[in-house]
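Architecture and fold: a report
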Amino acid sequence: MENNTYIIEFHIVPFSMKAGDGPVIFCVFFIIFLFGVLVNTVIITVICLGSQLHTPMYLFLCNLSFVDICYTTVTLPKLLDILRSGNNTLSFTQCLTQMYFFFIAASSEVILLFVMGYDRYIAICHPLHYHQILSKKVCILLVAMIWLCAGVNSILWVVSIRKMSFCHSVTIHQFFCEAKALSNISCSGLKMFYIITFVNIVLFGVCPMFINVMSYKKIITVILHIKTREGKIKAFSTCSSHLTVMSLYYVFGTIVYIIPTSDQLNFLDQIMTVLYTTVIPMVNPLVYSLRNHETRRAIQRLMVQLATPH
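Attention here is on the structure that accompanies the text.

At a closest axis distance of 10 Å, the pairing of helix α2 (residues 56-85) and helix α5 (residues 136-162) adopts a crossing angle of 20 degrees. By the angle class used here, α2 and α5 are roughly parallel. You can see that α2 and α5 cross each other, and the crossing is right-handed. Packed against α2, whose contacting residues are Pro56, Leu59, Phe60, Asn63, Phe66 and Val67, the element α5 presents Cys139, Leu142, Val143 and Trp147 at the interface. When the residues that make up the contact of α2 with α5 are grouped by side-chain class, the tally is nine nonpolar, one polar and no charged.

Remark: α5 packs on helix α7 (residues 191-224), axes separated minimally by 8 Å, with the N-to-C direction vectors making an angle of 155 degrees. Considering the angle they form, α5 stands roughly antiparallel to α7. Considering only the axes of α5 and α7, their crossing is left-handed. Touching Asn153, Leu156, Trp157, Val159, Ser160 and Ile161 of α5 are Met192, Phe193, Ile196, Thr197, Asn200 and Phe204, all from α7. Classifying every residue of the contact of α5 with α7 by side-chain character gives eight nonpolar, four polar and no charged.

Scanning the entire structure with this criterion turns up two cavities of 30 Å³ or more. Met57, Arg120, Thr238, His242 and Tyr288 are the residues nearest the centre of the largest cavity, which is lined by 11 residues in total. Here the lining of the largest cavity gets four residues from one element, more than from any other, and that element is helix α8 (residues 229-258). Taken together, the residues of the lining of the largest cavity sort by class into four nonpolar, five polar and two charged.

The topology assignment puts lysine 180 in helix α6 (residues 179-185). Expressed as a C-alpha distance, the spacing of lysine 180 and threonine 261, which sit 81 residues apart in the sequence, is 9.1 Å.

Burial along strand β1 (residues 9-12) is one-sided: the residues Phe10 and Ile12 are buried and none of Glu9 and His11 is. As paired strands, β1 and strand β2 (residues 89-91) are joined by three bridges and run antiparallel to one another. Its bridge partner lying in β2, glutamate 9 is registered against serine 91. Bridging between β1 and strand β3 (residues 171-172) involves two bridges; their strand directions are parallel. Directly across from histidine 11, in β3, lies its bridge partner threonine 171.

A few words on the layout of surface pockets. Each pocket or cavity is described by its volume, and for the largest pocket that value is around 720 Å³. Surrounding the largest pocket, 27 residues form its lining, Asn200, Ile201, Gly253, Tyr257 and Tyr276 being those nearest its centre. Looking at the lining of the largest pocket, the elements that each hand over two or more residues are α3 (92-125), α5, α6, α7 and α8. No other element matches the nine residues that α7 contributes to the lining of the largest pocket. Taken as a whole, the second largest pocket holds about 520 Å³ of empty space. Met57, Arg120, Lys234, Thr238 and Glu294 are, among the 21 residues lining the second largest pocket, the residues nearest its centre. Here the element with the most residues in the lining of the second largest pocket is α8; it accounts for four residues.

The rules we used
- Residues numbered from 1 in each chain as written.
- Predicted model: local features only at pLDDT ≥ 70, side-chain atom pairs only at ≥ 80, totals over all residues.
- Heavy atoms only, no water.
- Axes fitted to C-alpha atoms, helices over the stretch in contact; angles between N-to-C directions.
- Helix = DSSP H or I, 4+ residues; strand = E, 2+ residues; numbered from the N terminus.
- Parallel < 35°, antiparallel > 145°, perpendicular 65-115°, else oblique.
- Left-handed = near helix turned anticlockwise from the far one by under 90°.
- Contact = heavy atoms within 4.5 Å.
- Nonpolar A, V, L, I, M, F, W, Y, C, P; charged D, E, K, R; others polar.
- 1 Å grid on protein atoms, 1.4 Å probe; cavity = no way out; pocket = protein on both sides within 12 Å on 5 of 7 lines; lining within 4 Å.
- Points joined across faces, edges and corners; volume = space filled by probe spheres on them.
- Buried < 20%, exposed > 50% of the residue type's maximum accessible area, 1.4 Å probe, protein only.
- Pairing = 2+ DSSP bridges.

Structure (structure tokens):
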């Protein structure tokens, strides 16, 4: 095969499917796709329509729901098309496009979770200066910076993958065009990819996680010094949702990238990637809506308004 990435067509092989498994897997992922888009759209709608939710925390949550919609719409529609049509080919350009938007979503999610942790730190540890520190102008600037950084980081990823050469195999054992799976079948041109990977692990993994852990250490210390039990519960409830979402994201994200490459672990790798890229984005809005009283009340008010005849 000619070593030229311009003419390569990849073959996506999801889940080592057996004959007859396609319709079942299609139904499962179609439900995940619809449910994930629906619940995140509800969160965005509730926040936009509820004036009482126009605060920094809910601005970031609105962006998180949008990122979670991006996660599923970048990966699942192509998978559904493969399962429906049986045509698992993907051009190199299509692969790069899919990865570009996936990396934007992934980078945005990591930065957003970090910023949301900072938001909770200010709210608990410096409540009197909360609106001064996180003013409307600062929040808009933060959101703009999040998407700008994610876009630049995604370009660097795509450029590093563009330098890879594929000499032996064009079969991707994953349910979408994923960078780790591509690096496994690349025969050269991996130097820049490994550099970008290392920088991302440090800047978007280790550093945010370390700072968030330090922030929550301070938050827990402040909460423990609150005298009333009701005050402690109220303070902890304001950050428990973020702590849950952040923990799920980091745990499954870490598992995905530490699973060693081998034929025996391909299926496990794909299952963990499904949880990381489709199930968690679907679960995030549920975590926030079920554990946050204001979000639940806003959803209930919206349901009542929709049910009330005009």
